[in-house]
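# A look at the structure
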Amino acid sequence: MTTRIWLMEGLSSQRDIIQGITAFSKSHQVDVEVFASHRHQRNEILSQADFALLEPADEQQRLNFILTTVNKYAIQAIHTGRNALWFETHRAAIEACGVRLATGATRPDLLELADDKVAFAQLMEKHGLPVVPSIRVNSAAELRQLIAASPFSEPLCIKPVTGIYGMGFWRFDDSVSPMATFTHPENRKVNAGLYLNALEESDSFEPLVLMPYLPGPEYSVDILAERGTVLAAVARRKEGALQYLENSGEAFELAKACAQVMGADGLVNVQTRNDSSGKPVLLEINMRPSGGIGYTRFSGVNLPGLFALRQLGLMEPQAIIDEASRVFSPATVRSVTDVINYSTALPNFIQ
Ligand SMILES: Nc1ncnc2c1ncn2[C@@H]1O[C@H](COP(=O)(O)OP(=O)(O)OP(=O)(O)O)[C@@H](O)[C@H]1O
Ligand SMILES: [Mg+2]
């Protein structure tokens, strides 16, 4: 029997997820057709699926588009990597047509909480999970005071309360010259006085979180969960340009505990960093697949494939747990800049 899964707009890793599912269903000899859609003409992603669609730009048309597509093609499972809050608030209407929906979460309030790094830290503390000490900063004046009388003994760093791609993350370091921030932005170091001046001169203010700078290493843990139960996970320990794939250890266990508390459902990503005493603490959870989820396949564990077969009812939870621990083998990976042939035509386009 043919089963059908639909990957709706996600991050660039939507491409790796589609490839993972396709490879896995082939090796497990199950008949899975993959549908993919995006709001934009992302042919490098859409071309990887069996069937491609463009999503409506207008959110008002999304529900109708989903229901029509699910009915027309008899799709059994939908995954979304973006717009999760919209999907979560329309879950009942979407699932009423008999499709299984994965947004990464099961509750809108926990999705919103995951996006607020300070609220997230407070919830983790409440559950006794170690997390980076996080102070919400509501004005430039507040930041000036906090920097003058730091509550932490370590060097300080800052980032927006909500954010993605590490944008706005800076380490305060008064030993760097003011110009160093412009000549070497990749070091993410800024003179605190310079930062404060810029902040005070800005017309707008976005809430910030002030933290001690954690020396690392950093872990990014990709997790497959079902209503808060972790079925499979692969940790990437990041050291310099290399990433080490692991499936045990303190950071790995902490990430799994975090996903459980957050009621994760689908593919999610938890990041930790070791503090100055060498203990991992939580940095954040993203209730969606990470950009690097595709890298984890080098461990032998195909998280997107396991996810798809589970969503389609082709694999039981215990079988996933068993397979993930049986096939895992440690690996070291390095990301490289690559280029692919971009086809301007989409032969699999079905609209
Ligand atoms: N307290 C900290 N100490 C040291 N490094 C930190 C700290 N907070 C954040 N970082 C660094 O900044 C990066 C971005 O932080 P964070 O993951 O919280 O933000 P983000 O914008 O959500 O990033 P992304 O979505 O790309 O993972 C982290 O991966 C980490 O390397
Ligand atoms: Mg992050």
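None of the values given here were measured: they were computed from a predicted structure.

Glancing now at the side chain of Asp 173. Its place among the elements puts Asp 173 in the loop between strand 8 (170-172) and helix 9 (180-183). When sequence neighbours within four positions are dropped, the list of residues in contact with Asp 173 reads Lys 189, Val 190 and Asn 191.

With that settled, the discussion passes to the pairing of strand 15 (residues 280-286). Counting buried residues in strand 15 gives seven out of seven residues, a clear majority hidden from the surface. Relative to strand 15, strand 14 (residues 266-274) runs antiparallel, the two sharing six bridges. The residue of strand 15 that forms the bridge with Val 270 is Ile 285.

This next bit is on the sheet that holds strand 11 (residues 218-226). Taken in spatial order, the six strands of this open sheet run 15-14-11-12-13-16, and their pairing is antiparallel. In this open sheet, the two strands that pair with only one neighbour each are strand 15 and strand 16 (331-334). On average, each strand axis in the sheet is tilted by 25° relative to the strand beside it, whichever way the strands run. Alignment of strand 11 against strand 12 (residues 229-239), held across nine bridges, turns out to be antiparallel. Bridge pairing in strand 12 links Ile 223 to Ala 233. Along the sheet, helix 13 (residues 317-327) makes contact with strand 11 and strand 12, crossing strand 12 at roughly 30°.

The subject of this paragraph is helix 10 (residues 192-201). Restricting attention to buried positions, one finds in helix 10 the residues Ala 192, Tyr 195, Leu 196 and Leu 199. All buried residues of helix 10 lie within an arc of 95° about the axis, which places them on one face of the element. Residues of helix 10 that are buried in the fold lie against helix 8 (140-148), strand 7 (156-160), strand 8, strand 9 (189-190) and strand 10 (208-212). Structurally, the start of helix 10 carries an N-cap: the backbone nitrogen of Gly 193 is 3.1 Å from a side-chain oxygen of Asn 191.

Neighbouring ligand 1 are 20 residues, the closest being Lys 117, Lys 159, Gly 166, Glu 218 and Glu 284. The backbone of Ile 164 places a nitrogen or oxygen atom 3.3 Å from an oxygen atom of ligand 1. At a separation of 3.4 Å, a nitrogen atom of ligand 1 approaches a polar side-chain atom of Arg 273. Because more than half of its atoms lie within 2 Å of the grid, ligand 1 is assigned to the largest pocket.

Attention shifts here to the sheet that holds strand 8. The five strands are arranged 6-10-7-8-9 in an open sheet whose pairing can be described as mixed. Looking at the sheet topology across the chains shown, the edges are occupied by strand 6 (135-137) and strand 9. Judged from the two bridges that link them, strand 7 and strand 8 form a sheet pairing that is antiparallel. Residue Ile 158 lies in a different strand from strand 8, and its bridge partner there is Trp 170. The strands touched by helix 8 are strand 6, strand 7, strand 8 and strand 10; relative to strand 6, the strand with the most contacts, the crossing angle is about 140°.

Moving on, we come to the UniProt feature "domain: ATP-grasp" (unreviewed entry) in the protein chain. Summarizing the sequence annotation, UniProt attributes the feature "domain: ATP-grasp" (unreviewed entry) to residues 121-312 in the numbering used throughout. Counted over residues 121-312, helix gives 26% and strand 31%. Its end C-alpha atoms are 34 Å apart.

Once the domains are mapped, the protein chain shows domain 1 (3-103), domain 2 (110-115 + 215-334) and domain 3 (133-212). Its C-alpha centre places domain 2 at a distance of 29 Å from the equivalent point of domain 3. Taken together, the contacts link four residues of domain 2 with five residues of domain 3. The interface formed by domain 2 and domain 3 includes zero salt bridges. Linking domain 2 with domain 3 are zero residue pairs in polar contact (both at pLDDT 80 or more). Looking at the side of domain 2 that touches domain 3, its residues break down into one nonpolar, one polar and two charged.

Okay, the layout of surface pockets next. Taken as a whole, the largest pocket encloses approximately 1,100 Å³ of empty space. Forming the boundary of the largest pocket are 42 residues, of which Tyr 165, Gly 166, Glu 218, Lys 238 and Gln 271 lie nearest the centre. Only strand 7, strand 10, strand 11, strand 12, strand 13 (242-246), strand 14 and strand 15 provide two or more residues apiece to the lining of the largest pocket. Taken together, the residues of the lining of the largest pocket sort by class into 18 nonpolar, 13 polar and 11 charged. A domain split of the lining of the largest pocket shows at least three residues from each of domain 2 (110-115 + 215-334) and domain 3 (133-212).

Reading the values: rules and limits
Residues numbered from 1 in each chain as written. Chains lettered and ligands numbered in written order. Predicted model: local features only at pLDDT ≥ 70, side-chain atom pairs only at ≥ 80, totals over all residues. Heavy atoms only, no water. Helix = DSSP H or I, 4+ residues; strand = E, 2+ residues; numbered from the N terminus. Contact = heavy atoms within 4.5 Å. Buried < 20%, exposed > 50% of the residue type's maximum accessible area, 1.4 Å probe, protein only. Pairing = 2+ DSSP bridges. Axes fitted to C-alpha atoms, helices over the stretch in contact; angles between N-to-C directions. Arc of directions from axis to C-beta. Polar contact = N/O pair within 3.5 Å; in protein donor to acceptor, adjacent residues only side chain to side chain. Near = heavy atom within 4 Å. 1 Å grid on protein atoms, 1.4 Å probe; cavity = no way out; pocket = protein on both sides within 12 Å on 5 of 7 lines; lining within 4 Å. Sits in = over half its atoms within 2 Å of the grid points. UniProt positions renumbered as here; feature names shortened; annotations may be inferred. Domains from an automatic or database assignment. Salt bridge = Lys/Arg side-chain N within 4 Å of Asp/Glu carboxyl O. Nonpolar A, V, L, I, M, F, W, Y, C, P; charged D, E, K, R; others polar. Points joined across faces, edges and corners; volume = space filled by probe spheres on them.

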